[in-house]
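# Coordinate analysis (summary)
For reference, the chains in residue letters:
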Amino acid sequence: MRAGLGADGYRVPVAKGSGLGVRSWLLLGLITVVVLAATGVWNPFPTMWDWVNRPQPISQPDVVWQQRIGGTPRSVTIAGESVVIEQRTRVEARSLAAGTQLWERKADWSAVTGAGPEAVVVVGKLLVKGYEVLDPTTGVTRRRDDDAVAVWTYRNLLLDARCVEATDCTLSAWDPRGTTPLWTAFLPGVSTGLLADNPNLLDTRRLSSTRIDGEVAGPEAVPPLLGFPVDGRVHVVDTATGRVLQNVEPGREERLAVIGGRLLRITARSQDGSCYYAISGRDSATGQEAWQQTGLNLRTADSAGCVQREDPYGARNVVLGVSPDGREAVLDGYDGRLLLVTANAERVLAVDDRYALVRSADGAAVSARELGAERTRWNRPAGKKAGAALTPYAAIVADEKPNRLVALDPRTGRELAVLRTSANALAVGPAGMVIGEGREIGYVRFGATAGGTPRDADEANPGPAGSGAVPQPQDSCGPKNELCAAPDPGK
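What you see is a predicted model, and the numbers here were worked out from it, not measured in a lab. (Residues numbered from 1 in each chain as written. Predicted model: local features only at pLDDT ≥ 70, side-chain atom pairs only at ≥ 80, totals over all residues. Heavy atoms only, no water.)

## A word on the overall build of the protein chain
Stated precisely, the cut-off is as follows: Secondary structure follows DSSP: runs of H or I at least 4 residues long count as helices, runs of E at least 2 residues long count as strands, and numbering of each begins at the N terminus. Relative accessibility thresholds used throughout: buried, under 20% of the residue-type maximum; exposed, over 50%; partly exposed, between the two (1.4 Å probe, protein chains only). Note on contacts: a residue pair qualifies if any of its non-hydrogen atoms lie within 4.5 Å across the two residues.
Within the protein chain, the regular secondary structure consists of two helices and 37 strands. Expressed as a percentage of the 491 residues in the protein chain, the buried residues total 48%. Taking the intrachain contacts of the protein chain between residues at least 6 apart in sequence as the baseline, contacts between residues at least 24 apart amount to 45%.

## Points about the state of the cysteines
The following threshold applies: Two cysteine sulfurs form a disulfide in these notes if their separation is within 2.5 Å.
Scanning the entire structure with this criterion turns up two disulfides. Between the sulfur atoms of C163 and its disulfide partner C169 the distance amounts to 2.0 Å. What sets the handedness of the C163 and C169 disulfide is the S-S torsion sign, and at about 105 degrees it is right-handed. A sulfur-sulfur separation of 1.8 Å characterises the disulfide bridge that pairs C275 with C306. Around the S-S axis, the bridge from C275 to C306 shows a dihedral of about -100 degrees and counts as left-handed. Taken together, the residues span a long stretch of sequence, with C275 in strand β21 (residues 274–282) and C306 in the loop between β22 (289–294) and β23 (313–315) at a distance of 31 residues.

## A closer look at the packing of aromatic side chains
Inclusion rule: The aromatic pairing rule takes the rings of Phe, Tyr and Trp, using the six-membered ring of Trp, and pairs them if the centres are within 6.5 Å, calling planes under 30 degrees apart stacked, those over 60 edge-to-face and the rest tilted. Only lysine NZ and arginine CZ atoms are considered, and such an atom sits over a ring when it is within 6 Å of the ring centre and within 35 degrees of the ring normal.
What the rule picks out here adds up to two aromatic pairs. For the ring pair W65 and Y443, a centre distance of 6.4 Å and an interplane angle of 20 degrees mean the geometry is stacked. Of the two residues, W65 is situated in strand β3 (residues 65–68) and Y443 in strand β37 (residues 440–445); the sequence distance between them amounts to 378 residues. Overall, W65 belongs to the buried group, its relative accessible area being 5%. Between W152 and F228, the ring centres sit 5.3 Å apart and the planes meet at 85 degrees, which makes this aromatic pair edge-to-face. Of this pair, W152 sits in strand β12 (residues 150–153) while F228 sits in strand β16 (residues 225–230), placing them 76 residues apart in sequence. Here R262 stacks its cationic end above the ring of Y334, 4.1 Å away from the centre of that ring.

## Things to note about the pairing of strand β4 (residues 75–79)
To keep things clear, this is the line we draw: A pair of strands is considered paired only if DSSP assigns at least 2 bridges between the two.
Summarising burial for β4: five of the five residues are buried, a large majority. The alternating pattern of β4 places S75, T77 and A79 on one face and V76 and I78 on the opposite face, and all of these are buried. Sheet topology places β4 next to strand β5 (residues 82–86); five bridges connect them, and they run antiparallel. Pairing of V76 across the sheet is with I85, part of β5. Taking the residues that link successive antiparallel strands as the turn, the β4-β5 hairpin has two residues, and the phi of G80 there is positive, at about 65 degrees.

## Some remarks on the sheet that holds strand β9 (residues 120–124)
Pairing between the strands of a sheet comes from backbone hydrogen bonds, and it takes one of two forms, parallel or antiparallel. Worth spelling out the cut-off: To get an axis, a line is fitted to the C-alpha atoms, and for a helix only the part in contact is used. The angle between two axes follows their N-to-C directions and goes from 0 to 180 degrees.
Strand order in the open sheet formed by four strands is β8-β9-β10-β11, and the pairing between neighbours is antiparallel. If you trace the sheet from one side to the other, it starts and ends with β8 (109–113) and β11 (141–145), each paired once. This sheet shows a mean twist of 20 degrees between the axes of neighbouring strands, independent of strand direction. In terms of strand pairing, β8 meets β9 through five bridges, oriented antiparallel. Its bridge partner being in β9, V112 is matched across the sheet by V121.

## Re unusual backbone geometry
In this chain, Q60 is followed by P61 through a cis amide linkage whose omega measures -5 degrees. The residue P61 is located in the loop between α2 (45–53) and β3 in this model. At the junction of K401 and P402, the peptide bond is cis and its omega measures out at 0 degrees in the coordinates. Its place among the elements puts P402 in the loop between β32 (395–399) and β33 (404–408). Despite not being glycine, R316 shows a phi value in the positive range, around 55 degrees. As for its position among the elements, R316 is in the loop between β23 and β24 (318–322). Given a relative accessible area of 18%, R316 falls into the buried group. Not every positive phi belongs to a glycine, and A345 is a case in point at roughly 75 degrees. With respect to the helices and strands, the residue A345 is situated in the loop between β26 (338–341) and β27 (347–351).

## Describing the confidence of the model for the protein chain
Using the following cut-off: Values of pLDDT, the confidence the predictor places in each residue, fall between 0 and 100.
On average, residues of the protein chain score 86 in pLDDT, and 83% of them reach the 70 mark or higher. Here residues 449–491 is a poorly scored stretch, pLDDT under 50, and it has 87 contacts once near neighbours within four places are set aside; other chains count.

## Description of the side chain of T421
Following the sequence through the fold, T421 ends up in the loop between β34 (415–420) and β35 (424–428). In this structure T421 touches I58, S59, R211, N403, R404, L405 and I435, once residues within four positions along its chain are discounted.

## What to know about the pattern of salt bridges
Note the following rule: Between Lys or Arg on one side and Asp or Glu on the other, a salt bridge is scored when a side-chain nitrogen of the former is within 4 Å of a carboxyl oxygen of the latter.
Tallying each qualifying case throughout the model produces 28 salt bridges. As a salt-bridge pair, E104 and R90 come within 2.4 Å of each other at their nearest N and O atoms. Taken together, the positions of E104 in strand β7 (residues 101–106) and R90 in strand β6 (residues 90–95) put the pair 14 residues apart, joining distant regions of the chain. A salt bridge links R252 to E253, with the shortest nitrogen-to-oxygen separation between them at 3.8 Å. Owing to a relative accessible area of 80%, R252 belongs among the exposed residues under this scheme. Salt bridges sharing common partners tie together R206, E215, E220, R316, D352 and R354.

Take a look at the structure:
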């Protein structure tokens, strides 16, 4: 207490701290700021919110651009000069150069077909027939279909199916930017799932890796043959002509897969408490056996009675299996050749028609093996939990402790980008890749962090196993040109 003079001159006690305290001054200051903001004189709130909401860079070195999108992306694909982002109920496109939004549409599913400047975006709604083909830069509808129940998208072809009845369907092939079908074929039904994009066909399933999206490579080139499962049977369709070459029912112990221009009959037989495997590659036109392998486990069966419920692991024209001695092996689906057999305890992390990325037995390195050549292209240190993926433009290695994303030239191992980041690799294109973490996505340009530029994209296109040649499904010479090639006089 302290004393003061009253009105009559006597001293009276006055409480300590009376008058304007700190809280009162803060309240007065806040009221002043609100009045200034309301009258338009001065408004600090947008700047303050931007400062609080400013995202941290998702990698070091920093990305070319970084944007926060409306929700966690389900898929991201580079389509020409655009980045197409699929979310739960919408799809949007952003500029590859700057990350600015180009357009946005409501859609339950989306997929990209075509490559480079010929790429387009296909969108639709679940449980609703039809789809739209959009320009990836403008979002303008190029073509609309109101009857299709399923769509399959590839780098060089778009397939759709429409059904008058459940057992009366028509399969049509389109150029990605075409307006008339290239061919049509009859199928007695299709397996459409939820009437969305890319229902399951009988082919290979991809190897997965943490921090690398399963669709990081974008759409694949259409295989020479496709296997459509319908009512327990497999209808084999030639994608060059649309002809249905075979209509096959699997045996009780069989699983069928169409890989590398062959119909593979995979048998898993239970005996003496073990599963015994055999693989037969059949000619697509005659059904005659072209090759056979025994003992190779393609991981199609579970442990309960050797029942086969899964497609084999692999990519394009090759499949991945395990030999009886536990070593992993890459098999050519067309001629049955063993293109690669790893050493004991080595593990294949990624594979395509040209290379396999293999983790060493001690888990301390990842190497690139050239298929069919018994040659190691490059080798680099990596952690025991490192994951990897192969795309037409780059090999991606994702490491932990410390977190790294590295893009490499698949042929030479030259570093295209080295990032210190915990983000995921979402999409890879000819000149860079898109990474993301939560709602934040960013674009990394190859050469910006490691020097140099990637090889010409044409060199990196996939082809028949171990060849690196660009597949040409438009001709009818077979997947390896075996029906049209001139005989070699030296053989």
